[in-house]
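Structure assessment
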Amino acid sequence: MEARYADQDRGMMAVGGAVLVGICFLFAFLIARLVHINTSLSPKLRTLVTAQQTGRSVVPARRGCILDSGGRIIAGTRPRPSVFADPSLIEDFEGLARRLSPALRLPAGLIEQTLRENVSRRFCWLSRRVDPEVAAGVEALKCDGIGTRDESQRYYPMGAMLGSTLGIVGADGDGLEGLEQFYDRHMRGSDGHHVAIFNGRKTKRRPIWRDAGGCSSAEDGGHVVLTVDLVIQRIVARHLRETVDEFEAESGVALVMEPSTGAILAMAQFPTFDPGRYGEVSREERRNRCACEVLEPGSTFKPYVASGALIAGVVDVDEEIFCYNGVHRIGRRTLHDSSPHGNLTFAGIVAKSSNIGMGIIAERMGNAAIHRTVRAFGFGSRTGLRFPGEAAGLVLPLREWSVYSTRSVPMGHEIAVTPLQLVTAFSAIVNGGTLHRPRLVRALLDARGEVVESFDRPEVVRRVLPADVAEYMSKDILVGVVKNGGGKTA
C-alpha cells in the first residue's frame, strides 16, 4: 500500500515539475517577447501610434500683393474655405455623397467617385475655394471625415486690365505665368503647421491637445511694386480698345515708357483676360504680346536706320534727294511710295516715310553700317526686362544679308522685333541717345512693407547716338513723323 502511494506521489511530482517547467518557459517567452517589442519593434510601433494619434495641419502663408506705383492693389490675396475628406473615417461613401450633394452643389456621383479614388488616403479635396455659405452648409451636416479649411485665393480688383502682365496663380498657389511666376518665390511666403493629438476612436475622431512644441508660424510673402500707374493704364487700355474696334483689327498693343528712366507706365493689349478666370482662355490668348511676341515693324523702323545714316555721315540734313515720283527701280527690285514725291530733304524722307528715299540712303550706308545700327539699338537681343518669356526678336547675322536686305531692313522687313524693343529704342532717341534697360518693377517689399530691393535707379545699357544726332532726330524728325500720321506707306 505504502509503495502504491509512493508511486502516486512521484507521478504527481513529475506532473508538477512538468507544469512548472512549462510555466517557466511561458514566462521566458513572454519576457523575450516584451524585450523584442521594446527593442526591435519599438520604432515601428511608435511610428504607427504617432500616425494614428497625431494630426498635422498646414497654416497657409498669405501671398504678397502686386501694387501699382501709387500703392494701389492690382493683385491681392484673401482667405477662402475649401472642403476636404478623410476617406478612412467614412463607412458609407454612397450615403455620405447623397447628404453632401445639396450642400456642396455637386453631383452625388462625383463626390462618391472622389472618395473611392482616395479610399487608401487620409486626405483629399472635395471642393476648393467655395463660397462661405457652402462651407457653412457642409459644417452644419457634421459628417464624420468631412471638414473645411481656409485656403488663400488670388483676386484682381482691376479685372482684365493687366491680365497678360500679371500672369496667373494656379490652384495650389504657385505663380505660373507673368509677374506672378517671375516673382513667385518672393511673394509666396512659407507655410506653417499645427500638430495636434487626437483621441483613439476611428470615428468621431477629435483633437484633444495641441502640441505647441511641434507648431510653426507661417511667414507671409512679400509685395511687388510696379512702375505702372493705374490711371495712365486705364486711359491707355480704353483708347487701345477703341482703336482696335475702329479699325476692326484682331488685336493691338500699347506701351507707355518714361524715356529718361526706362520705367513702363502702362502696358496694355487687347483682347486681354481676367487672371482670376484664366481657365476660360487658352495659353496663347494669355501671352504677353508686348514683350513675348515678335512682328515685322514695317515703316516704324525707318527712324532708327535714318539716325545711323547721320552717324555714318552718308547724308546731310540739308540735302535734297530725288524720290522718282513714287516709283524707282534699283537693280532688279522696284520700290514704291504710297504717294508720289519729287525732291525730299532727309527730314522729309523720314516724316513722309518714303521707301525710295530710305532705299537710296541705305545704299550709301551699306549692310555693315545698317547692321551695326540695328544691333546698337538692341534689336535682336532681349531688353533685360525682368519678365518671363521675353522674346529676343530676329536680326540675321550680317553674313546672311543680301543686296535685297540693304533696302528691305530699313523698311522694317527681314527683321522681327517686339513692341517693347521698339518703344525702348524710340526712348533712346528722345532721351539724348542713351539706351536704358526697361523697368516694370519699382521695388520689392517684405510682408511688413519695408523695402527689400529697389529698382528706382535707371540702368544705362549704352549710348546709341551722339547727343546732337539724338536732338535733331527727336525734335526735327519725329515731330514730322507724328504730324504725318506715322508716314503710312503701301
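For the structure, see preceding data.
Here goes a summary of the coordinates provided. The structure displayed is predicted, hence computed values, not measured ones.

Focus: the overall build of the chain
Within the chain one finds 18 helices and 20 strands. Counting across all 490 residues of the chain, residues that qualify as buried make up 44%. A fraction of 72% describes how many contacts in the chain between residues 6 or more apart in sequence connect residues 24 or more apart. Accessible area for the chain stands at about 25,700 Å²; split by element, carbon and sulfur atoms hold 54% of it.

Comments concerning the pattern of salt bridges
Enumeration according to the criterion identifies 26 salt bridges in this entry. As a salt-bridge pair, Glu284 and Arg287 come within 3.5 Å of each other at their nearest N and O atoms. On the basis of relative accessible area, Glu284 is assigned to the partly exposed category, the value being 47%. We note a salt bridge from Glu319 to Arg364, for which the minimum N-O separation is 2.8 Å. Of the two residues, Glu319 is situated in the loop between α12 (302-312) and β11 (320-322) and Arg364 in helix α14 (residues 355-365); the sequence distance between them amounts to 45 residues. A relative accessible area of 25% means that Glu319 is categorised as partly exposed. Relative accessible area serves as the criterion here: at 35%, Arg364 is assigned to the partly exposed category. In this structure, a network of salt bridges that share partners links the residues Arg63, Arg154, Asp174, Glu180, Asp184 and Arg188.

Some details on helix α9 (residues 230-246)
Helix length check: α9 (17 residues) gives 24 Å between terminal C-alpha atoms against 24 Å at 1.5 Å per residue, within 8%. Among all positions in α9, only Leu230, Gln233, Val236, Leu240 and Val244 are buried. What you see down the axis of α9 is that its buried residues fit within an arc of 115°, all on one side. Of the surrounding elements, those touching the buried residues of α9 are β3 (73-85), β9 (252-258) and β10 (263-270). At the N-terminal boundary of α9, the capping side chain belongs to Asp229, with an oxygen 2.9 Å from the backbone nitrogen of Val231. Two residues or fewer past α9, Glu248 is found with a positive phi of approximately 50°.

Details of the pairing of strand β19 (residues 451-454)
Pairing of strand β18 (residues 441-445) with β19 involves three bridges; the strand directions are antiparallel. Note on β19: the bridge partner recorded for Leu445 is Val451. Between β18 and β19, which pair antiparallel one after the other, the connecting turn spans five residues, and Gly449 there sits at a positive phi close to 95°.

Brief notes about the nonpolar core
With 45 residues, the main nonpolar core has Phe301, Phe346 and Phe379 as its most contacted residues. Broken down by secondary-structure element, the contributors of at least two residues to this core are α12, α13 (346-351), α14, α15 (367-376), α17 (419-430) and α18 (467-483). Contact partners of Phe346, with chain neighbours within four places excluded, come to Ala306, Leu310, Val315, Asp316, Val317, Glu319, Ile361, Tyr472, Met473 and Ile477. Core analysis: the second largest hydrophobic core is formed by 29 residues, Ala75, Leu179, Met187 and Phe387 among them.

A closer look at the side chain of Asp337
With respect to the helices and strands, the residue Asp337 is situated in the loop between β13 (333-336) and β14 (343-345). Buried and unpaired, Asp337 has Lys302 as its nearest opposite-charge partner, separated by 6.9 Å. Within the structure, Asp337 has its side chain in polar contact with the side chain of Ser354 (distance 2.8 Å). Once you skip the residues sitting within four places of it in the chain, Asp337 turns out to touch Cys323, Gly326, Ser354, Asn355 and Ile356.

So, how was this worked out
- The written sequence of each chain sets the order in which its residues are numbered from 1.
- Under the rules for a predicted model, residues below a pLDDT of 70 receive no local features and side-chain atom pairs below 80 are neither given nor counted, while totals for whole chains, interfaces and linings still include all residues.
- Side-chain measures were taken over the full set of non-hydrogen atoms in the model, leaving aside hydrogen atoms and water.
- Numbering of helices and strands starts at the N terminus; helices are DSSP runs of H or I of at least 4 residues and strands are runs of E of at least 2.
- Working definition: with a 1.4 Å probe on protein chains only, accessible area under 20% of the residue-type maximum means buried, over 50% means exposed, and in between means partly exposed.
- Should any heavy atoms of two residues lie within 4.5 Å, those residues are considered in contact.
- Computed by Shrake-Rupley with a 1.4 Å probe, the accessible areas treat only the displayed protein chains as cover when residues are assessed.
- By definition here, a salt bridge exists when the distance from a side-chain nitrogen of Lys or Arg to a carboxyl oxygen of Asp or Glu is within 4 Å.
- In this analysis, the expected span of each helix is defined as 1.5 Å times one less than the number of residues it contains.
- For this quantity, the arc is that covered by the directions from the helix axis to the C-beta atoms.
- In the analysis that follows, any N or O atom pair within 3.5 Å is treated as a polar contact, provided that within protein one partner can donate a hydrogen and the other can accept it, and provided that, for residues neighboring in sequence, both atoms belong to side chains.
- Paired strands are those between which DSSP finds at least two bridges.
- The term nonpolar core refers to a set of buried residues drawn from Ala, Val, Leu, Ile, Met, Phe, Trp, Tyr and Cys, joined through side-chain atoms within 4.5 Å.
- This count recognises Lys and Arg as positive and Asp and Glu as negative, with His and chain-terminal groups excluded.

Note that every value here comes from positions in space, so none of it alone points to a role or purpose.
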